[in-house]
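Overview (structure and organization)
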Amino acid sequence: MKTLTNLLKVDFKLILREFIVVFFSLIFSVLMILMFGSIYGNKPIPFFGGYGSVDVLVPTYLGVILSVNGIMSLPLTLVEYREKKILKRFMATPMKPSYIIISQLVVNFAITVIGFLLLLLVGKVVFDLKFYGNVFLFILAFVLSTLSIFSIGFVIASLVNNTRAANAIANIIYFPMIFLSGATFPIENFPKTLQNVAKALPLTYVSDLFKRIWLNSDLSWVKSGLSLKLDFVVISVVLIVCIFISIRKFKWYYD
């Protein structure tokens, strides 16, 4: 346990040195909510389905936070460890290889939680953020969604063998997904074509799930065919499929 604790401390220090991870996990969503909150305020308006803009946008911005950790930070770290033979060296020590996976999961999960708590704090203090849903259901959705998005990161780490390629793939997946999934802009206002594209993105279902539970409402995609049950099913399927691929394809080192 002491070994794992020390590894967690090291990984936590390392992740805080990554500017992109820190910016998108802790700063980007706060800046977005300050910008849109200043423009629209947080009084109920028809544009946001009778809710305040901040109340609608905060749960979707959680998708941005967990995605940067699951799709950018986690796979790039594991690929870098493999490329530099760090994972191979760990295999020659008494430390259990599983500690590396556990450490990355815990550290990235912790950064995600910190980023979301910071967003909640700013939303509450500045715009009187309100929560209308079930806390326990939201926590369940958060844990499941985080593991699902993180599992995509493990797939990237399993199939890519160098940091340059991993960085390119992570960017190709991350940036279109956060802008087309409703995680940053209300998807209800997208053209029909973009809404259809969004249905192919896992983060779309994560954002939709968070917003439905947060608002305790069917505001999200009422006419699109999505539902709370479908969101849970898609997110769970993504998690199961990605875990299966990762177990089959992940290598600790390449000869």
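It should be noted that the structure appears before, not after, this text.
Summary of the structure given here. If you're wondering where the values come from, they're calculated on a predicted model, not measured in any experiment. (Residues numbered from 1 in each chain as written. Predicted model: local features only at pLDDT ≥ 70, side-chain atom pairs only at ≥ 80, totals over all residues. Heavy atoms only, no water.)

**Focus on the nonpolar core**
Counting residues in each nonpolar core, the largest one holds 69 residues, and the members touching the most others are Ile33, Val58, Leu119, Tyr174 and Phe210. At the level of secondary structure, the elements contributing two or more residues to this core comprise helix H1 (2-15), helix H2 (19-40), helix H3 (53-83), helix H5 (98-127), helix H6 (135-159), helix H7 (163-180), helix H9 (202-215) and helix H10 (228-249). Ranked by residue count, the leading element in this core is H3, at 17 residues. Residues contacting Val58, with those up to four places away along its chain left out, are Ile33, Phe116, Leu119, Leu120, Leu129 and Trp214. (Core = buried A, V, L, I, M, F, W, Y, C linked by side-chain atoms within 4.5 Å. Buried < 20%, exposed > 50% of the residue type's maximum accessible area, 1.4 Å probe, protein only. Helix = DSSP H or I, 4+ residues; strand = E, 2+ residues; numbered from the N terminus. Contact = heavy atoms within 4.5 Å.)

**A few points about a nonpolar patch on the surface**
On the surface, a cluster of nonpolar side chains totalling about 580 Å² of accessible area is made up of Ile27, Leu31, Leu34, Leu118, Leu121, Val125 and Val126. Looking at the nonpolar patch, the elements with two or more residues in it are H2 and H5. For the nonpolar patch, the element with the highest residue contribution is H5, accounting for four residues. Relative to the helices and strands, Val125 resides in helix H5. With a relative accessible area of 63%, Val125 lands in the exposed category. (Patch = residues over 30% accessible without salt bridge, like charges linked within 9 Å, V, L, I, M, F, W, Y side chains within 5 Å. Areas by Shrake-Rupley, 256 points an atom, 1.4 Å probe, with all protein chains shown as cover. Salt bridge = Lys/Arg side-chain N within 4 Å of Asp/Glu carboxyl O.)

**Focus on the environment of Ala198**
Looking at where Ala198 falls in the secondary structure, it is placed in helix H8 (residues 192-198). Sequence separation of Ala198 and Ser151 is 47 residues, and the distance between their C-alpha atoms is 19 Å.

**Things to note about the packing of aromatic side chains**
Per the stated rule, a full pass over the model turns up 16 aromatic pairs. One aromatic cluster is present, built from ring pairs that chain together Phe19, Phe23, Phe24, Phe28, Tyr174 and Phe175. (Phe/Tyr/Trp six-rings, centres within 6.5 Å; stacked < 30°, edge-to-face > 60°.)

**As for the packing of H3 against H6**
For the pair H3 and H6, the least separation of the axes is 8 Å and the interaxial angle reads 35°. Pair H3 / H6 crosses with right-handed handedness. Taking contact as the criterion, the partners of Leu62, Leu66, Ser67, Asn69, Gly70, Ile71, Leu74, Pro75, Leu78, Val79 and Arg82 in H3 are, on H6, Phe138, Phe142, Ser145, Thr146, Ile149, Phe150, Gly153, Phe154, Ile156, Ala157 and Ser158. Among the residues forming the contact of H3 with H6, the class breakdown is 14 nonpolar, seven polar and one charged. (Axes fitted to C-alpha atoms, helices over the stretch in contact; angles between N-to-C directions. Left-handed = near helix turned anticlockwise from the far one by under 90°. Nonpolar A, V, L, I, M, F, W, Y, C, P; charged D, E, K, R; others polar.)

**Describing the side chain of Ser207**
If you trace the backbone, Ser207 turns up in helix H9. If we ignore the near neighbours within four places in the chain, the residues touching Ser207 are Thr60, Ser181, Gly182 and Ala183.

**Digging into the side chain of Ser103**
Among the structural elements, Ser103 can be located in helix H5. Residues contacting Ser103, with those up to four places away along its chain left out, are Leu4, Leu7, Leu8 and Asp11.

**Here we look at the layout of surface pockets**
Its boundaries defined by the atoms lining it, the largest pocket holds a volume of some 360 Å³. If you go around the largest pocket, you meet 18 residues; those closest to its centre are Glu18, Ser73, Leu76, Thr77 and Glu80. Secondary-structure elements contributing two or more residues to the lining of the largest pocket are H1, H2, H3, H5 and H7. In terms of residue count, the dominant contributor to the lining of the largest pocket is H3 (six residues). Its residues assigned to classes, the lining of the largest pocket comprises eight nonpolar, six polar and four charged. Looking at the second largest pocket, its volume works out to about 290 Å³. Contributing to the lining of the second largest pocket are 13 residues, with Ile101, Leu105, Phe154, Ile243 and Ser246 lying nearest its centre. Contributing elements (two or more residues each) for the lining of the second largest pocket: H5, H6 and H10. In terms of residue count, the dominant contributor to the lining of the second largest pocket is H10 (five residues). Partitioning the lining of the second largest pocket into residue classes produces 11 nonpolar, two polar and no charged. (1 Å grid on protein atoms, 1.4 Å probe; cavity = no way out; pocket = protein on both sides within 12 Å on 5 of 7 lines; lining within 4 Å. Points joined across faces, edges and corners; volume = space filled by probe spheres on them.)

**Some words on the packing of H1 against H5**
Where H1 contacts H5, the two axes come as close as 9 Å, and the packing angle between them is 50°. What the angle tells us is that H1 and H5 run oblique. Between H1 and H5 the crossing geometry is right-handed. Taken together, the residues of H5 that come into contact with H1 (itself represented by Thr3, Leu4, Leu7, Leu8, Asp11, Phe12 and Ile15) are Tyr99, Ile100, Ile102, Ser103, Gln104, Val106, Val107, Asn108, Ala110, Ile111 and Ile114. Partitioned by chemical class, the residues of the contact of H1 with H5 number 13 nonpolar, four polar and one charged. (Parallel < 35°, antiparallel > 145°, perpendicular 65-115°, else oblique.)

So far we have only geometry, and geometry alone does not tell us how the molecule works.
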